[in-house]
Amino acid sequence: QVQLVESGGGLVQAGGSLRLSCAASGSFFSIDYMGWYRRTPGKQRELVARITSGGTTNYADSVKSRFTISRDNNENTVYLQMNSLKPEDTAVYYCNAWFVITRTLGSDYWGQGTQVTVSS
C-alpha cells in the first residue's frame, strides 16, 4: 500500500518561514511527479508547486519567488520551503504524487493534509 505522510505545518507570523515535508512509502516501482496543493474554506484545491522526477518545477503565480519545491529521490521525499509567508497562504496543504506501481499500472495518491496558518 502506498502512503504519503506530510509534516511541518503550523502557525507562523506573516513574513516568517515554514518547511513542509512529504515522505512516500510502500510498494511501487518509481515516482513520477510530486507536488503540493492547498485548499482554503470555500475555495477549490489549487496547485501550489510541482516537481518532476527530473527536477522540472512549476509554481502558482501567487507563490513564485517565495516558495521553493525540491525532492530527494533517494528518500522519496518532497519538500516545500515557504518564505515571506502571507496571511493569504493560510490553508491546508496536501502532498500529491503520481506513483508507477508496476510497469503497466500507475496512480496518484494524496497525503492527509497539514494545516498552515499565517497570522497578520
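Residues numbered from 1 in each chain as written. Predicted model: local features only at pLDDT ≥ 70, side-chain atom pairs only at ≥ 80, totals over all residues. Heavy atoms only, no water.

Please set out the overall build of the protein chain residue by residue, giving values where relevant.
Assigned secondary structure in the protein chain consists of zero helices and eleven strands. In sequence order, the protein chain lays out its α and β elements as β-β-β-β-β-β-β-β-β-β-β. Scaling as 2.2 N^0.38, a compact globule of 120 residues should have a C-alpha radius of gyration of about 14 Å, and the protein chain matches this with 14 Å. Projected onto its principal axes, the C-alpha coordinates of the protein chain cover approximately 50 × 25 × 25 Å. The burial tally for the protein chain puts 38% of its 120 residues in the buried class. Excluding contacts between residues fewer than 6 apart, the proportion of contacts in the protein chain whose partners are at least 24 apart in sequence is 54%. When the accessible surface of the protein chain is split by element, carbon and sulfur atoms take 45% of a total near 6,400 Å². Looking at the protein chain, you have 11 positive and 9 negative side-chain charges, and the mean spots of the two groups are 3 Å apart. (Helix = DSSP H or I, 4+ residues; strand = E, 2+ residues; numbered from the N terminus. Rg over C-alpha atoms; globule rule 2.2 N^0.38 Å. Buried < 20%, exposed > 50% of the residue type's maximum accessible area, 1.4 Å probe, protein only. Contact = heavy atoms within 4.5 Å. Areas by Shrake-Rupley, 256 points an atom, 1.4 Å probe, with all protein chains shown as cover. Lys, Arg positive; Asp, Glu negative; His and termini not counted. Charge placed at Lys NZ, Arg CZ, Asp CG, Glu CD.)

I'd like a rundown of the sheet that holds strand β3 (residues 18–25), residues and numbers included.
Each strand in a sheet pairs with its neighbour through backbone hydrogen bonds, running either in the same direction (parallel) or in the opposite one (antiparallel). Strand order in the open sheet formed by four strands is β1-β3-β8-β7, and the pairing between neighbours is antiparallel. With one partner strand each, in any of the chains shown, β1 (3–7) and β7 (67–72) form the two edges of the open sheet. Neighbouring strand axes in the sheet, compared pairwise and without regard to direction, differ in orientation by 15° on average. Pairing of β3 with strand β8 (residues 77–82), which is carried by six bridges, proceeds in the antiparallel orientation. Paired with C22 across the two strands is V78, which belongs to β8. (Pairing = 2+ DSSP bridges. Axes fitted to C-alpha atoms, helices over the stretch in contact; angles between N-to-C directions.)

Quick one: what's the story with the pairing of strand β5 (residues 46–51), residue by residue and with numbers?
With five bridges connecting them, strand β4 (residues 30–39) and β5 associate as antiparallel partners. Each residue of the ladder has a partner; that of G35, found in β5, is R50. The hairpin formed by β5 and strand β6 (residues 57–59) contains five residues between the paired strands, and G55 there has a positive phi angle of roughly 100°.

Before we move on, could you go through the pattern of salt bridges and cite the residues and values that matter?
As enumerated under the stated definition, the model contains four salt bridges in all. R38 is the salt-bridge partner of D89, the closest N and O atoms lying 3.0 Å from each other. Separated by 51 residues along the polypeptide, D89 in the loop between β8 and β9 (91–102) and R38 in strand β4 bring together distant segments of the chain. For D89, a relative accessible area of 1% puts it in the buried group. D61 is paired through a salt bridge with K64; the nearest N and O atoms lie 3.2 Å apart. Residue classification places D61 among the exposed positions, given a relative accessible area of 64%. A single salt-bridge network, built from bridges that share partners, covers R38, E46, R66 and D89. (Salt bridge = Lys/Arg side-chain N within 4 Å of Asp/Glu carboxyl O.)

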